[in-house]
Amino acid sequence: MTDHRVEVAVQGPWSLATSREFWEGFTPSALPALAGEALQATFLVEGEWRRASVSVTQRGASAVLELSGEGDLDLAAAQVCRFLSLDVDGRAWPDVGLRDPVIASAQASLPGLRPCGFYSPYEAAAWSVLSQRIRVSQAAVLKASLLRDGVFPAPAELLGLDLDLPGRKPEYLRAVAEAALDGALDAVALRALKPAAAVLAVQQVKGLGPFAAELVVLRGANAPDAVPHNESRLSDEVAERYGRPLAEVSEAWRPYRTWAAVHLRVLRERRLGGAMASA
């Protein structure tokens, strides 16, 4: 077990408090509500699939990461930056609000929010399978039953489990685990593709349709600039606020279309209630 400290200069607006509040209410991968200001998480380092723990604090415009674990903690630090969206240059994010008053209002309501929630595309894909055709609360119970010491099983471990799950979920979860071991759900590789191509690639995994594939790319790999085309609640929110189609409205959000979409989903859930299934 080793310890590692990394200080990251975050470019553009960011609030640890806002991000932590959002993530604590994100049912698919919710953080436990802990005392203190630090965001704390334990996860599997992608590729190595070894456990790592992190405590994140904010010091002005910088994020301070205190990591421990048995694997490569530099890889773990990069993964933390990715799942907290700290690796994205957000200096032009306020300009989106200047172009779009609706987004400006969302930015004011959620100051410094950056999308976060899944530790890896693998875990996002597993959640997509678990949540198919059931309520979010039911899926959360299924996921909790699979955790090992608070962490989702590594792909190889998942393949060895006797999965007592409804329908074809065991078959699809094994397909997800195999894809992760083969590198088909690697976050760096998916981020290197154009989002549309990444979504098509993820759909090659058995059990992952268009909605699931978008979740894997946009919230698992945390691609910052893509539009969810299969998220009905986002489309409804855009229709109510703009009276125009999502594809047309979202052009003003470049190069932060994912960020803008997440902000609108958060505001909708706050207004109407309900679990943050894919925001």
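### Considerations on the nonpolar core
Item 1. If you look at the biggest cluster of nonpolar residues, it comprises 79 residues, and the most contacted ones within it are V56 and L65.
Item 2. Apart from residues lying up to four places away in sequence, L65 is in contact with H4, R5, V6, V8, V54, S55, V56, A77, V80 and C81.
Item 3. Core analysis: the second largest hydrophobic core is formed by 17 residues, V96, V249, Y256 and A260 among them.

### Let's talk about the packing of helix α5 (residues 121-130) against helix α8 (residues 169-181)
Item 1. Contact pair α5 / α8: the axes reach a minimum separation of 9 Å and the direction vectors enclose 170°. The orientation of α5 with respect to α8, classified from their angle, is roughly antiparallel. Only K169, Y172, L173, V176, A177 and A180 of α8 make contact with α5, whose side of the interface consists of Y122, A125, A126, V129 and L130.
Item 2. For the contact of α5 with α8, the class distribution of residues is 10 nonpolar, no polar and one charged.

### Re the pattern of salt bridges
Item 1. Here the structure, examined in full by the defined rule, presents 22 salt bridges.
Item 2. A salt bridge links R191 to D87, with the shortest nitrogen-to-oxygen separation between them at 3.1 Å. Residue R191 is located in helix α9 (residues 187-192), and its partner D87 is located in the loop between α2 (73-83) and α3 (93-99); the two are separated by 104 residues in the primary sequence.
Item 3. In this structure, D225 engages R257 in a salt bridge whose closest nitrogen and oxygen atoms are separated by 2.8 Å. With D225 in the loop between α11 (210-220) and α12 (232-242) and R257 in helix α14 (residues 257-272), this pair connects stretches of sequence that are 32 residues apart. For the pair formed by D225 and R257, the shared burial category is buried.
Item 4. Because the salt bridges share partners, they merge into one network encompassing E237, E240, R241, R268 and R271.

### Focus on unusual backbone geometry
Item 1. Look at the link from R254 to P255: it is a cis peptide, with omega at 0°.
Item 2. Positive phi outside glycine occurs at R133, with the angle close to 65°.
Item 3. Examined against the element boundaries, R133 turns out to sit in the loop between α5 and α6 (136-146).
Item 4. Judged by relative accessible area, which is 80%, R133 ranks as exposed.

### Things to note about empty space enclosed by the protein
Item 1. Using the criterion set out here, one finds two cavities of 30 Å³ or more in the structure.
Item 2. Of the pockets and cavities examined, the second largest cavity occupies roughly 40 Å³.
Item 3. Taken together, R20, E24, L31, P32, L34, A38, L39 and Q40 form the lining of the second largest cavity.
Item 4. At the level of secondary structure, the elements contributing two or more residues to the lining of the second largest cavity comprise α1 (16-24) and β2 (39-44).

Cut-offs and rules
- Residues numbered from 1 in each chain as written.
- Predicted model: local features only at pLDDT ≥ 70, side-chain atom pairs only at ≥ 80, totals over all residues.
- Heavy atoms only, no water.
- Core = buried A, V, L, I, M, F, W, Y, C linked by side-chain atoms within 4.5 Å.
- Buried < 20%, exposed > 50% of the residue type's maximum accessible area, 1.4 Å probe, protein only.
- Contact = heavy atoms within 4.5 Å.
- Axes fitted to C-alpha atoms, helices over the stretch in contact; angles between N-to-C directions.
- Helix = DSSP H or I, 4+ residues; strand = E, 2+ residues; numbered from the N terminus.
- Parallel < 35°, antiparallel > 145°, perpendicular 65-115°, else oblique.
- Nonpolar A, V, L, I, M, F, W, Y, C, P; charged D, E, K, R; others polar.
- Salt bridge = Lys/Arg side-chain N within 4 Å of Asp/Glu carboxyl O.
- 1 Å grid on protein atoms, 1.4 Å probe; cavity = no way out; pocket = protein on both sides within 12 Å on 5 of 7 lines; lining within 4 Å.
- Points joined across faces, edges and corners; volume = space filled by probe spheres on them.

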